[in-house]
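# Residue-level structural notes
As a plain string of letters, each chain reads:
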Amino acid sequence: TNFRINGRDYLVPMCVEEASVVAAASNAAKMIRAGGGFAAHSDPPWMIAQVQLVREGARRSAVDVLAVVREHEHELLALADAAHPRLVARGGGARAIEARVLADDMTVVHVLVDCQDAMGANLLNTVAEQVAVRLAALTGWNPGLRILSNLADRRRAHVACRVPAAALAGKGFTGPEVVARIVAASRFAELDPYRAATHNKGIMNGVDPVVIATGNDWRGVEAGAHAYAARSGSYGPLAVWRSDADGALVGRLELPMAVGTVGGTLRVHPGARLSLRILGIENAGELGMVIASVGLASNLAALRALATEGIQRGHMSLHARSVAVAAGARGELVDRVAAELASLGDVSAARAAEILSRLQQS
Ligand code: MEV
């Protein structure tokens with residue numbers, strides 16, 4: 001709940017085993033809403049199909065291969081388009097060819113394809129396989145792997161937010177204190193890959209549940225996110241936080257976003273289709289903006305808790321409800337058992353059973 005993105009309200013379906021993730025994202029989205037909500041945009045839906053070429057005794061050098069690929073760019077693009085006439089009819093299709101030397105005996109050719117609203121894995125793999133045959137004939141090199149790249153760095157979602165300091169106050173801290181502590185937490189992640197991994201896990205806490213609920217490939221999105229986080233050669237945070245001249249907290253996140261709103265699972269999975277209806281979104285780019293916004297909200301929720309009282313208190317009070325239900329509590333007894341467990345600081349099954357039996361007897 002509480003997500004306002006580019007001035008529009010969204011109710012966001014999430015599919016995740018941990019209730020506190022949903023509560024935390026909704027809570028942070030409310031603070032972000034106090035500053036006007038999220039401002040987001042998406043890159044065009046370009047995905048990368050890779051063809052590995054291996055020399056294996058061929059006459060041409062690796063540099064010659066690049067030249068041949070350049071000379072035949074138009075032909076290769078037309079060949080890629082011929083594999084998917086329906087995609088071309090919908091306004092998508094092959095957009096560019098790029099080639100790189102990886103070693104004296106290995107090159108790679110990228111075909112960049114505009115997938116429109118599809119995630120595009122099947123489209124890309126067909127393109128890679130078809131283009132590979134022609135590349136082999138043109139270069140004399142042998143095609144190796146022909147598959148999409150999950151480092152979808154041409155198809156990113158970008159989101160930013162600005163939260164007034166007052167909206168962050170609480171848990172015994174003033175707004176400016178919370179801002180300063182979150183900025184320091186961001187710096188920690190920027191300086192230390194060990195922290196950056198956990199920082200990014202907190203972002204993916206929000207990203208994955210929406211990717212899953214909408215029937216998309218969360219392993220692909222995870223792979224892309226972490227590879228993108230390491231693009232400089234050292235692993236870093238996907239989102240960073242700063243304070244602005246007015247003392248507000250400003251957060252920014254960008255990450256590859258290979259998700260679709262047509263094709264794949266969506267055709268057959270009623271739950272995924274329902275999720276898209278709940279969201280009321282128009283296209284894959286818009287879905288990417290929503291997903292990135294939930295990631296940024298989840299990051300803010302985690303950093304605010306960590307930078308103030310720590311995460312265990314909030315986490316345990318939600319966990320206490322699950323423990324109460326597991327012990328057999330129903331109806332209003334769930335809240336009463338959970339509240340007592342949390343106030344005792346002992347969220348164990350044995351304690352829940354004891355409290356429940358006492359309440360039932362009284
Ligand atoms: C736990 O699921 C996520 C956190 O570890 C994220 C973070 O440390 O920023 C709380």
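Anyway, here's the lowdown on the structure attached to this text. (Residues numbered from 1 in each chain as written. Predicted model: local features only at pLDDT ≥ 70, side-chain atom pairs only at ≥ 80, totals over all residues. Heavy atoms only, no water.)

## Section: the nonpolar core
What counts, and what does not: By nonpolar core we mean a set of buried residues, namely Ala, Val, Leu, Ile, Met, Phe, Trp, Tyr and Cys, connected to one another through side-chain atoms within 4.5 Å. Whether a residue is buried, partly exposed or exposed follows from its accessible area with a 1.4 Å probe, protein chains only, as a fraction of its type maximum: under 20%, in between, or over 50%, in that order. Put simply, DSSP marks the helices as runs of H or I at least four residues long and the strands as runs of E at least two long, and each gets a number from the N terminus on. Contact between two residues is taken to exist if any of their heavy atoms lie within 4.5 Å; hydrogens are not considered.
Counting 58 residues, the largest nonpolar core has Phe3, Val12, Phe38, Trp241, Leu253, Leu255 and Leu300 as the members making the most contacts within it. At twelve residues, the largest contribution of residues to this core is made by helix H11 (residues 284-307). With residues near it in sequence (within four places) discarded, Phe3 still touches Arg8, Asp9, Tyr10, Val12, Ala25, Ala29, Arg33, Phe38, Ser293, Val294 and Ala297.

## A look at the site of the ligand
This is how the line gets drawn: What makes a residue near a molecule or strand is one non-hydrogen atom of that residue sitting within 4 Å of it. Polar contact is defined as a pair of N or O atoms within 3.5 Å, subject to the rule that within protein one atom must be able to donate a hydrogen and the other to accept it, and that residues adjacent in sequence are counted only when both atoms are side-chain atoms. Here the Shrake-Rupley method, with its probe set to 1.4 Å, supplies the accessible areas, and only the displayed protein chains count as covering residues.
Around the ligand, the structure places Arg195, Thr198, His199, Lys201, Gly202, Asn205, Ala302, Leu306 and Ile311. Here an oxygen atom of the ligand sits 2.7 Å away from a polar atom, N or O, in the side chain of Arg195. When the ligand is considered free in solution it has 290 Å² of accessible area, and contact with the protein chains removes 83% of it. Mapped by element, the contributors of at least two residues to the shell around the ligand are helix H8 (193-213) and H11. The leading source of residues in the shell around the ligand is H8, at six residues.

## Comments concerning the sheet that holds strand S5 (residues 93-103)
The strands making up a sheet associate through backbone hydrogen bonding, with each pair oriented either parallel or antiparallel. Going by this rule: A pair of strands is labelled paired if DSSP reports no fewer than 2 bridges between them. Here the axes come from fitting lines to C-alpha atoms, over the contacting stretch only for helices, and the angles between their N-to-C directions go from 0 to 180 degrees.
Within the open sheet, the four strands sit side by side as S5-S6-S4-S7. Their pairing is antiparallel. Strand pairing shows two members of the sheet lacking a second neighbour, S5 and strand S7 (142-148), which therefore form its edges. Taken pair by pair, the neighbouring strands of this sheet meet at an average axis angle of 20°, ignoring direction. Here strand S4 (residues 46-54) runs beside S7; their pairing, made up of five bridges, is antiparallel. Bridge assignment links Val54 to a residue of S7, and that residue is Asn142. Strands S4, S5 and strand S6 (106-114) of the sheet are contacted by helix H2 (residues 62-71), whose axis makes an angle of about 170° with S5. Taken strand by strand, helix H5 (residues 121-139) contacts S4, S6 and S7, and its axis lies near 35° from that of S4.

## Regarding the side chain of Ser20
With respect to the helices and strands, the residue Ser20 is situated in helix H1 (residues 19-33). When near neighbours in sequence (up to four residues on either side) are disregarded, Ser20 contacts His315 and Leu318.

## Describing H1
Cut-off, in case you're wondering: The span you would expect from a helix comes to 1.5 Å times its residue count less one.
Taking 1.5 Å as the rise per residue, H1 with 15 residues should run 21 Å; its terminal C-alpha atoms sit 21 Å apart, in good agreement. Residues Ser20, Val21, Ala25, Ser26, Ala28, Ala29, Met31 and Ile32 constitute the buried set of H1.

## Side note on the pattern of salt bridges
Basically, it comes down to this: Counted as salt bridges are all cases of a side-chain nitrogen of Lys or Arg within 4 Å of a carboxyl oxygen of Asp or Glu.
Overall, the coordinates contain 19 salt bridges when judged by the stated rule. Note that Asp244 is salt-bridged to Arg162, the shortest N-O span being 2.7 Å. Of the two residues, Asp244 sits in the loop between strand S9 (239-243) and strand S10 (249-256) while Arg162 sits in strand S8 (residues 156-163), which places them 82 residues apart along the sequence. Judged by its relative accessible area of 24%, Asp244 is partly exposed. A relative accessible area of 33% means that Arg162 is categorised as partly exposed. Here Arg162 makes a salt bridge to Asp246, at a shortest N to O gap of 3.4 Å. Here Arg162, found in strand S8, pairs with Asp246, found in the loop between S9 and S10; they are 84 residues apart in sequence, far enough to count as distant. Classification of Asp246 as exposed rests on a relative accessible area of 65%.

## What about the environment of Ala23?
By the element assignment, Ala23 lies in helix H1. The class of Ala23 is partly exposed, set by a relative accessible area of 35%. It is 9.8 Å that separates the C-alpha atoms of Ala23 and Gly314, two residues lying 291 residues apart in sequence.

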